[in-house]
Amino acid sequence: MPAANALRAVLAFPSTYAVGITSLGYQVVWATLAQRSDLDVRRLFTDQGDPPHAGQRGGQRSGQRGWGPDLDLFGLSLSWELDGPVLLDLLEQQRIPLWSHQRGEDDPLVFGGGPVLTANPEPLAPFLDVVLLGDGELLLPAFVDAVAASRDAPRQQRLRALAQVPGVYVPSLYTPHYDAAGALLRVDPSDAGIPATVAKQTWRGNTLSHSTVITPEAAWPSIHLVEVVRSCPELCRFCLASYLTLPFRSASLDDGLIPAVEKGLGATQRLGLLGASVTQHPQFDDLLGWLDQDRFEGVRLSVSSVRAATVTPELGRILAKRGSKSLTIAIESGSERLRRVVNKKLDTEAIFAAARHARDGGLSSLKLYGMAGLPSEDPADVDATAQLLLALKKATPGLRLSLGVSTFVPKAHTPFQWEGVRPEADKRLKHLAKLLKPKGIDVRPESYAWSVIQALISRSDRRLAPVIAAARGRHDSLGGWKQAYRAVLAGERPEATPPSLPDPPAWEEVVHSTWSEGRRLPWDHLEGPLPKATLAGHRREALTQATP
Ligand code: SF4
């Protein structure tokens, strides 16, 4: 129960209630904040929100009135680049000034977190007062304590105090410098009292997160989600889920996972095991054996994508027995050469074995994930993917196959951060669909246009902020983004754009160019788990595999 003088906070999600409440990350942040008596926190989604704080003006079931003027904190959890512009809509709806430089003493502190902002917050930095880099378990308590301790101080002093908390990044206290040609030279702290770099924070406890809300209104109705592992030890060279969250951590079986599963199964019969690589939990077989007990009859179990090489006959059998119909594996490519380039460590026989185990265990379908446009990919690699799928279909009759295929997008803090999006990926996605659909394989290509927008947001610096503001209302189409980009380059600045922000660099340069390793990156002042030199080493090692 919040105390009478509790700080008033809103935690927003840039999508509907059904999507937001299915996000384990969002649920955990909310639960962490909601258990504090010094914080009165409400949830806000694009279609609804919790009722207003006691004694406040306005209703909120459809967001028609804002809480903004009465708030101390407004937070946003962001897990998908394309949701970034929704932040501005939510701020406007709450009557909070969009740009951080417009906010005064009575405005809330606007903070953000989640994987997108931890990887590269710079494009949205001019709209945010604070960015939390890393795991909420560590960051949130320290952040809220610091906010509470400085609540009566002037805004600028509060921001300076927050900048001292490990993992808390205050963008307005850092200034980017560019050369005459627009290349980023460096990002400096405003003065010697502000840390020169901010390091991402890593939770190392033996418990990981699980659902705190189980509702039929979620996108996955009434499911209890349990995080089994965090990060992935495989280090596929493009993979943000691995590189950004290192080191690989697993929840303790007896003190973490089993109590979390038992608790959830007291409320629902649907269980989802989550993590970048759940089957790599060192005791995954024990967990599976435990879930095989007769007392779990009727429980519906699903697991997120698993490494093909870890699929066992037991996994296929127990998933089928517990109501799953399908299994998902990521192969990236049918070409062994390209899998070596991306460090996939997966031979073709392991893919066939996974398909056999899935079918023999009683599952009816296998979903495979692949990518087009990976560095060094050539047309023969794309054909190899099609051939692999056709051979799998022949080898495992009765198993329905589907291929989800996306365009490679470079992500900050991964070895492929220097690689651009390859325009030929668009045609290659279509080519795969053309080859496989007539043969009865369901191909689901992800929109190439969305991948381009993702890359724009994942590789840009603060100079993209006016484009994000200008793209509002048209940010779900590539044409809308291109128009907004052109408008900003032509001098049409959205209202209140900070005059100190130079024009963005050419679109082609941000999205499609391969950058040199010596280039200053927009996120170089933010420390991820591995140093830049290590990432560069992994990239070079990858590219030496490019020629057989
Ligand atoms: S196995 Fe999957 S989760 Fe692990 S690094 Fe590779 S792509 Fe990422």
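Residues numbered from 1 in each chain as written. Predicted model: local features only at pLDDT ≥ 70, side-chain atom pairs only at ≥ 80, totals over all residues.

**Observations regarding the overall build of the protein chain**
- Secondary structure assignment for the protein chain yields 19 helices and 19 strands.
- The globule rule puts the C-alpha radius of gyration for 548 residues at 24 Å, and the 24 Å found for the protein chain is close to it.
- Its C-alpha atoms put the protein chain at 70 × 60 × 40 Å along the principal axes.
- Across the protein chain, the fraction of contacts at a sequence separation of at least 24, relative to all contacts at a separation of at least 6, is 73%. (Helix = DSSP H or I, 4+ residues; strand = E, 2+ residues; numbered from the N terminus. Rg over C-alpha atoms; globule rule 2.2 N^0.38 Å. Contact = placed C-beta atoms within 7 Å.)

**Some thoughts on the nonpolar core**
- Of all hydrophobic cores here, the largest spans 149 residues; its most connected members are Ala9, Val130, Val168, Ile329, Leu403 and Leu456.
- Apart from residues lying up to four places away in sequence, Ile329 is in contact with Ser305, Val306, Ala308, Val311, Ala354 and Leu368. (Core = buried A, V, L, I, M, F, W, Y, C linked by C-beta atoms within 7 Å. Buried ≥ 20, exposed ≤ 12 C-beta atoms within 10 Å, placed from the backbone.)

**Looking at the sheet that holds strand β16 (residues 365-372)**
- In space, the 4 strands of this open sheet follow the order β15-β16-β17-β18, with parallel pairing throughout. Both outer strands of the open sheet, β15 (326-332) and β18 (442-445), are each paired with one neighbouring strand and no more. Taking the axes of each pair of neighbouring strands and ignoring which way they run, one obtains an average angle of 20° across the sheet.
- In the sheet, β15 pairs with β16 via 6 bridges, with the strands oriented parallel. When the sheet's bridge partners are listed, Thr328 is paired in β16 with Lys367.
- Its contacts with the sheet put helix α14 (residues 424-436) on β16, β17 (400-407) and β18, and the angle it makes with β17 is roughly 170°. (Pairing = 2+ DSSP bridges. Axes fitted to C-alpha atoms, helices over the stretch in contact; angles between N-to-C directions.)

**With respect to the site of the ligand**
- The full set of residues close to the ligand is Cys232, Glu234, Leu235, Cys236, Cys239, Ala241, Ser242, Ala276, Ser277, Arg307 and Ala330.
- Tallied by class, residues from the shell around the ligand come to 7 nonpolar, 2 polar and 2 charged. (Near = placed C-beta within 6 Å. Nonpolar A, V, L, I, M, F, W, Y, C, P; charged D, E, K, R; others polar.)

**Remarks on the pairing of β17**
- Two elements, β16 and β17, share 8 bridges in a ladder whose sense is parallel. The partner of Met371 across the bridge, within β17, is Ser406.
- For the handedness criterion, the β-α-β arrangement of β16, helix α13 (residues 379-395) and β17 is classed as right-handed.
- Following the backbone out of β17, through α14 and into the adjacent parallel β18, one traces a crossover that is right-handed. (Right-handed = clockwise from strand over helix to strand, strands pointing away.)

**Thoughts on the environment of Ile351**
- Tracing the chain through its elements places Ile351 in helix α12 (residues 348-361).
- Since 24 C-beta atoms lie within 10 Å of it, Ile351 is described here as buried.
- Separated by 44 residues in sequence, Ile351 and Arg307 have C-alpha atoms that sit 9.5 Å apart.
- When residues no more than four places from it in sequence are discounted, the contact partners of Ile351 are Ala308, Ile331, Leu346, Leu388 and Leu392.

**Re the domain arrangement of the protein chain**
- Split into domains, the protein chain comes out as domain 1 (7-174 + 182-199), domain 2 (204-304), domain 3 (321-459 + 528-548) and domain 4 (460-527).
- Of note, the centres of domain 1 and domain 4, computed from C-alpha atoms alone, are 22 Å apart.
- Taken together, the contacts link 27 residues of domain 1 with 20 residues of domain 4.
- Elements that contribute at least two residues to the side of domain 1 that touches domain 4 include exactly α3 (86-93), β8 (184-189) and β9 (198-199).
- The leading source of residues in the side of domain 1 that touches domain 4 is β8, at 4 residues.
- Residue composition of the side of domain 1 that touches domain 4, by class: 18 nonpolar, 6 polar and 3 charged. (Domains from an automatic or database assignment.)

**Some thoughts on helix α10 (residues 313-321)**
- Inspection of α10 places Leu315, Gly316, Ile318, Leu319 and Ala320 among the buried residues, and these make up the whole buried set.
- Contact partners of the buried residues in α10: α9 (284-291), β14 (300-303), β15 and α12.
- Of the residues trailing α10, Gly323 is marked for its positive phi of about 90°.

**Description of the environment of Met1**
- For Met1, the location among the structural elements is in the segment before β1 (7-12).
- C-alpha of Met1 to C-alpha of Tyr178: the two residues are 177 residues apart in sequence and 49 Å apart in space.

**Topic: the environment of Ala330**
- In this structure, Ala330 sits in strand β15.
- Spatially, the C-alpha atoms of Ala330 and Lys367 are 8.3 Å apart, while their sequence positions differ by 37 residues.
- When near neighbours in sequence (up to four residues on either side) are disregarded, Ala330 contacts Ser305 and Tyr369.

**Brief notes about the pairing of β14**
- Here strand β13 (residues 270-274) pairs with β14 via 4 bridges, running parallel. The partner of Gly272 across the bridge, within β14, is Ser302.

**Focus on the confidence of the model for the protein chain**
- Of all residues in the protein chain, 97% have pLDDT values of 70 or greater, and the mean over the chain is 93.
- Here residues 57-64 scores under 50 on pLDDT; set against residues more than four positions off or in separate chains, the count is 17 contacts. (pLDDT = per-residue confidence, 0-100.)

**Some words on the sheet that holds strand β6 (residues 168-169)**
- Ordered by their spatial adjacency, 6 strands build an open sheet running β2-β1-β3-β4-β5-β6, and the pairing between neighbours is mixed. Where the open sheet ends on each side, the last strands, each with one partner, are β2 (39-44) and β6.
- Pairing analysis gives 2 bridges linking strand β4 (residues 109-113) to strand β5 (residues 130-132), with the strands arranged parallel. Each bridged residue has a counterpart across the sheet, and for Phe111 the counterpart in β5 is Val130.
- Against the sheet, helix α2 (residues 24-34) contacts β1, β2 and β3 (73-77), and its axis sits at roughly 155° relative to β2.

**Things to note about unusual backbone geometry**
- The peptide bond linking Leu246 to Pro247 adopts the cis configuration, its omega dihedral lying at 0°.
- Tracing the chain through its elements places Pro247 in the loop between α7 (240-243) and β12 (249-250).
- At Glu332, a residue that is not glycine, the phi angle is positive and equals roughly 70°.
- Within the element layout of this structure, Glu332 appears in strand β15.
- Its identity as a non-glycine residue notwithstanding, Lys345 has a phi of 50°, on the positive side.
- Structurally, the position occupied by Lys345 is in the loop between α11 (336-341) and α12.

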